[in-house]
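A look at the structure
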Amino acid sequence: MRQQFLIPTVVISGLILSACAKETEEEKVERTFQEVNVIDETNLNDVLLSAADPNEAVTYFHGAALKNPDRIDLQRGLAISLGRAKRTTEAATAWKRVTTMKGTNAADKVEYADALVRNGDWSQAKTVLDSVPPTFETFKRYRLEAVVADSRKEWKRADHFYETAVGLTTRPGSVMNNWGYSKLTRGEYAEAERLFSEAIRQDNSLFTAKNNLVLARSAQGNYSLPVVPMTQVERARLLNTMGISAVKQGDITTAKNLFREAISTHPQHFDEAVRSLRALEGA
């Protein structure tokens, strides 16, 4: 009799074990699909952050973050996308949210400070940068420290941070241009000229640095074009900049000559220079 009862028990046990084994296998398959979905989603996130229309990326990350509010990667994606879309106020708010979440790091604080600077909130940007550990040394952190120090006219701090930032990048052209502009606003024209020239040497596509260079030279009474790579259109625009600078310094005769040269140099109609010249001749 014992054997008769024992057989069903063994059978039932076998069925239970079989069901457990089957469930474990199903879970394994499901887990595999979940991993694939995570990989696919990560790839999609990367594509949206690097190549998509910024506002399209904002829409995607906004929806994804609403569904998964605790996922810091999605909140970061939203903040980055808002910044790319030039929606600076929203970007600052989004980065602030990221810095309060579990898993945040010093890099997030630097991005938050960057968004604040772009939004014109210099005071809060300084507060955020002050909270970044001193051991976190990156180009972006020190570039921001420099421009914030500039905004407060803390020139020694600004120079220190600009110099540090230059040493932390292989492409220092843009930060050298910023540093040169800082010197220009202080009236240190010769030093500004040197920094703008160096910025152009590092990256000769920086028209802003070329424009700043002629401003620094004009401020010293030098109205000759610098020997730097430039297109015909750039040459005309730089001549026009020097003409404007000459007007501000009261050198009207030089200004007229520079505007005339700018007009003759430009391959098309140069309305801005024409209007300036007519205004001077009319006066």
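Structure: see above.
Description of the structure in this document.

The rules we used
- Residues numbered from 1 in each chain as written.
- Predicted model: local features only at pLDDT ≥ 70, side-chain atom pairs only at ≥ 80, totals over all residues.
- Heavy atoms only, no water.
- Helix = DSSP H or I, 4+ residues; strand = E, 2+ residues; numbered from the N terminus.
- Buried < 20%, exposed > 50% of the residue type's maximum accessible area, 1.4 Å probe, protein only.
- Phe/Tyr/Trp six-rings, centres within 6.5 Å; stacked < 30°, edge-to-face > 60°.
- 1 Å grid on protein atoms, 1.4 Å probe; cavity = no way out; pocket = protein on both sides within 12 Å on 5 of 7 lines; lining within 4 Å.
- Points joined across faces, edges and corners; volume = space filled by probe spheres on them.
- Nonpolar A, V, L, I, M, F, W, Y, C, P; charged D, E, K, R; others polar.

1. Observations regarding unusual backbone geometry
Its identity is not glycine, yet K86 carries a phi of approximately 65°, on the positive side. With respect to the helices, strands and loops of the structure, K86 is situated in the loop between α3 (72-84) and α4 (88-98). Taking relative accessible area as the criterion, K86 reaches 69% and is therefore assigned exposed. Even without a glycine there, the phi angle at K153 is positive, about 60°. Along the polypeptide, K153 turns up in the loop between α7 (139-151) and α8 (155-166).

2. Brief notes about the packing of aromatic side chains
Throughout the structure, instances matching the rule amount to 3 aromatic pairs. Seen in terms of ring centroids, Y142 and F161 are 5.9 Å apart; in terms of plane orientation they differ by 25°. Their pairing is stacked. Placement of Y142 in helix α7 and of F161 in helix α8 is noted, with a sequence separation of 19 residues between them. With a centroid separation of 5.8 Å and 15° between ring planes, the pair formed by Y162 and W179 is classed as stacked. Residue Y162 is found in helix α8, and its partner W179 is found in helix α9 (residues 173-186); the two are separated by 17 residues along the sequence. Its relative accessible area of 1% is what places Y162 among the buried residues. What makes W179 buried here is its relative accessible area of 12%.

3. Here's the deal with the layout of surface pockets
Size it by volume and the largest pocket reaches roughly 250 Å³. If you trace the largest pocket, you find 13 residues lining it, with I80, G83, R84, D114 and R118 closest to the centre. Contributions of two or more residues to the lining of the largest pocket are made by α3, α4 and α5 (106-118). The residue inventory of the lining of the largest pocket, partitioned by class, reads 5 nonpolar, 2 polar and 6 charged.

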